[in-house]
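# Structure assessment
Given next are the chains, with one letter for each unit.
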Amino acid sequence: MSILVCGGAGYIGSHTVRELLTAGEEVIIADNLSTGHKASINPAVKFYECDIRDKSALKKIFAENKIEAVFHFAAFIEAGESVKLPLKYFNNNVYGMQILLEAMTECGVDKIIFSSSAAVYGEPERIPIDEGDATFPVNPYGDSKLIMEIMMRRVSAAQGVRFVSLRYFNASGASVDGSIGEDHHPESHLIPLILQVPLGKRDHITVFGTDYPTPDGTCIRDYIHVLDLANAHICALNYLRNGGESNFFNLGTGHGFSVKEIIDAAEKVTGLKIKTELGARRPGDPARLIASGEKARRILNWTPRFDDVEKIIATAWNWHKSHPQGYGE
């Protein structure tokens, strides 16, 4: 039987496909290529160019293949954009989840592993963040992810579709061999934005806010390597295969790094000075976001392999140096 990876041409999806193949799984990709890249797809993998909001296309995939489980990465992810275009996010993310769950239940597919987000927590009540903490998103992107989780929980109770929701913190890095990596348009993630300076693609990196209640005044985040995220999905698949109940898990290292610390680490990795400019705080940016990953370690038997931020940045730098224009599509 096969694993259907929705959004398998995207950043985290493409790395997860590679890890699934390495683990000996049969993989099928569904992606509309709105943000994903065809160049990231292994030519040996069966690929359907389709939108998850197209139920007939999904049912065709389920009819033509024996699908054991669905990995769902096919969602829009830009929090800032979601504030300006909330209906875009509710349509793609929430309605997309509705159609996917309808197709799964109608075709008898009963396992789904979902790419959720720390954005479901909003402003954290405490650090590190625990799965039992309150969920009050501060933007439509976080709202959409939380609604998608609620939808899965209700469908699980009503129709027996078991799920694992993986709440990511800051995904980063690239494949160790530098063949696939992060290529967003426009880019909004800190590490690739920083690396655009030594690549000569931007003059400087702006540090938004230097007066937060942190040791150096800049925001602190929990950075987790994309391959560790991919591995967590395989752990979640095995958990469901072994009869595990529907559940939620944070994915993070439990260690936070400030914006200034990430810039310093990038200078060490690249051997180049990175020019910075100071800017005002951005609305909705919490001072600290750090995950407690204890539950995932205990129940999923998942352990991050990349626990050194310089090693994480080094894999990203290797990708960006060899692909200065990304996938060049």
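Figured I'd write up the structure that's included with this text. (Residues numbered from 1 in each chain as written. Predicted model: local features only at pLDDT ≥ 70, side-chain atom pairs only at ≥ 80, totals over all residues. Heavy atoms only, no water.)

All right, on to the overall build of the protein chain then. Along the backbone of the protein chain there are ten helices and 14 strands. At 19 Å, the protein chain has a C-alpha radius of gyration in line with the 20 Å of a compact globule built from 329 residues. Structurally, the protein chain occupies a C-alpha span of about 55 × 40 × 40 Å along its principal axes. Taken across its 329 residues, the protein chain has 56% of its residues classed as buried. Long-range contacts, defined here as pairs at least 24 residues apart, represent 78% of the contacts in the protein chain between residues at least 6 apart. (Helix = DSSP H or I, 4+ residues; strand = E, 2+ residues; numbered from the N terminus. Rg over C-alpha atoms; globule rule 2.2 N^0.38 Å. Buried < 20%, exposed > 50% of the residue type's maximum accessible area, 1.4 Å probe, protein only. Contact = heavy atoms within 4.5 Å.)

The subject of this paragraph is the sheet that holds strand β3 (residues 46-49). Read across the open sheet, the seven strands follow the order β3-β2-β1-β4-β5-β6-β11; overall the sheet is parallel. Pairing within the sheet leaves two strands with one partner each, and these edge strands are β3 and β11 (247-251). When the angles between neighbouring strand axes are averaged without regard to direction, this sheet yields 20°. Where strand β2 (residues 26-31) meets β3, four bridges bridge the pair, whose relative direction is parallel. Residue pairing across strands places aspartate 31 opposite glutamate 49, the latter belonging to β3. The strands touched by helix α4 (residues 86-107) are β1 (2-6), β4 (67-72) and β5 (111-117); relative to β5, the strand with the most contacts, the crossing angle is about 165°. (Pairing = 2+ DSSP bridges. Axes fitted to C-alpha atoms, helices over the stretch in contact; angles between N-to-C directions.)

On to α4, then. With 22 residues, α4 ought to run about 32 Å at 1.5 Å a step, and its terminal C-alpha atoms sit 31 Å apart, in line with that. At glycine 96, α4 shows its largest kink, close to 25°. Among the residues of α4, Tyr89, Asn92, Asn93, Val94, Gly96, Met97, Ile99, Leu100, Leu101, Ala103 and Met104 are the ones counted as buried. Contacts made by the buried residues of α4 are with β1, α2 (55-64), β4, α3 (79-84), β5 and α5 (140-159). (Expected span 1.5 Å × (residues − 1). Bend = angle between axes of the 7 residues up to and from the residue.)

Moving on, we come to the nonpolar core. Core analysis: the largest hydrophobic core is formed by 37 residues, its most contacted members being Leu166 and Leu251. Sorting the residues of this core by element identifies β1, α1 (11-22), β2, β4, β6 (162-168), α7 (226-241), β11 and α9 (294-300) as the ones contributing at least two each. Of the residues forming this core, the biggest block, ten residues, is contributed by α7. When sequence neighbours within four positions are dropped, the list of residues in contact with leucine 251 reads Leu166, Arg167, Tyr168, Phe169, Ile224, Leu229, Ala232, Ala296 and Trp302. Counting 31 residues, the second-largest nonpolar core is a separate cluster that includes Ile61, Val94, Met148 and Val155. (Core = buried A, V, L, I, M, F, W, Y, C linked by side-chain atoms within 4.5 Å.)

It is worth spelling out the sheet that holds strand β9 (residues 220-221) at this point. Pairing in this open sheet of three strands is mixed, and the strands run β12-β9-β14 from one edge to the other. Of all the strands in the sheet, just β12 (257-258) and β14 (288-289) have a single pairing partner and so form its edges. Sheet topology note: the β9/β12 ladder contains two bridges and is antiparallel. Among the inter-strand pairings, arginine 221 is bridged to a residue of β12, identified as phenylalanine 257.

So, on to the pairing of β4. When you tally the buried positions in β4, you get six out of six residues, the bulk of the element. Relative to β4, β1 runs parallel, the two sharing five bridges. What sits directly across from serine 2, in β4, is isoleucine 67. Of the pairings in the sheet, the one linking β4 to β5 comprises three bridges and is parallel in character. Note on β5: the bridge partner recorded for histidine 72 is phenylalanine 114.

Our next topic: the packing of α2 against α4. Orientation of α2 relative to α4, taken along the N-to-C sense of each, is 40°, at an axis distance of 9 Å. Crossing angle aside, the handedness with which α2 passes α4 is right-handed. Residues Lys55, Leu58, Lys59 and Phe62 of α2 pack against Ile99, Leu100, Glu102, Ala103, Met104, Glu106 and Cys107 of α4. Tallied by class, the residues present in the contact of α2 with α4 amount to seven nonpolar, no polar and four charged. (Left-handed = near helix turned anticlockwise from the far one by under 90°. Nonpolar A, V, L, I, M, F, W, Y, C, P; charged D, E, K, R; others polar.)

So, on to the pattern of salt bridges. The final tally for this structure, using the stated rule, is 21 salt bridges. Of the charged contacts in the structure, one is a salt bridge between glutamate 106 and lysine 55, with a shortest N-O distance of 3.0 Å. Taken together, the residues glutamate 106 in helix α4 and lysine 55 in helix α2 connect sequence positions 51 residues apart. A relative accessible area of 45% places glutamate 106 in the partly exposed class. Classification of lysine 55 by relative accessible area gives partly exposed; the value is 24%. For the salt bridge of lysine 111 with aspartate 110, the shortest nitrogen-to-oxygen distance reads 3.5 Å. A residue is classified by how much of its surface remains accessible, and aspartate 110, at 33% relative accessible area, is partly exposed. Look at the salt bridges and you will find they share partners, linking Glu25, Glu68, Asp110, Lys111 and Arg241 into a network. (Salt bridge = Lys/Arg side-chain N within 4 Å of Asp/Glu carboxyl O.)

Position of aspartate 133 among the secondary structure elements: in the loop between β5 and α5. Of note is the side chain of aspartate 133, whose polar atom sits 2.8 Å from the side chain of arginine 126. Residues contacting aspartate 133, with those up to four places away along its chain left out, are Tyr121, Glu125, Arg126 and Pro128. (Polar contact = N/O pair within 3.5 Å; in protein donor to acceptor, adjacent residues only side chain to side chain.)

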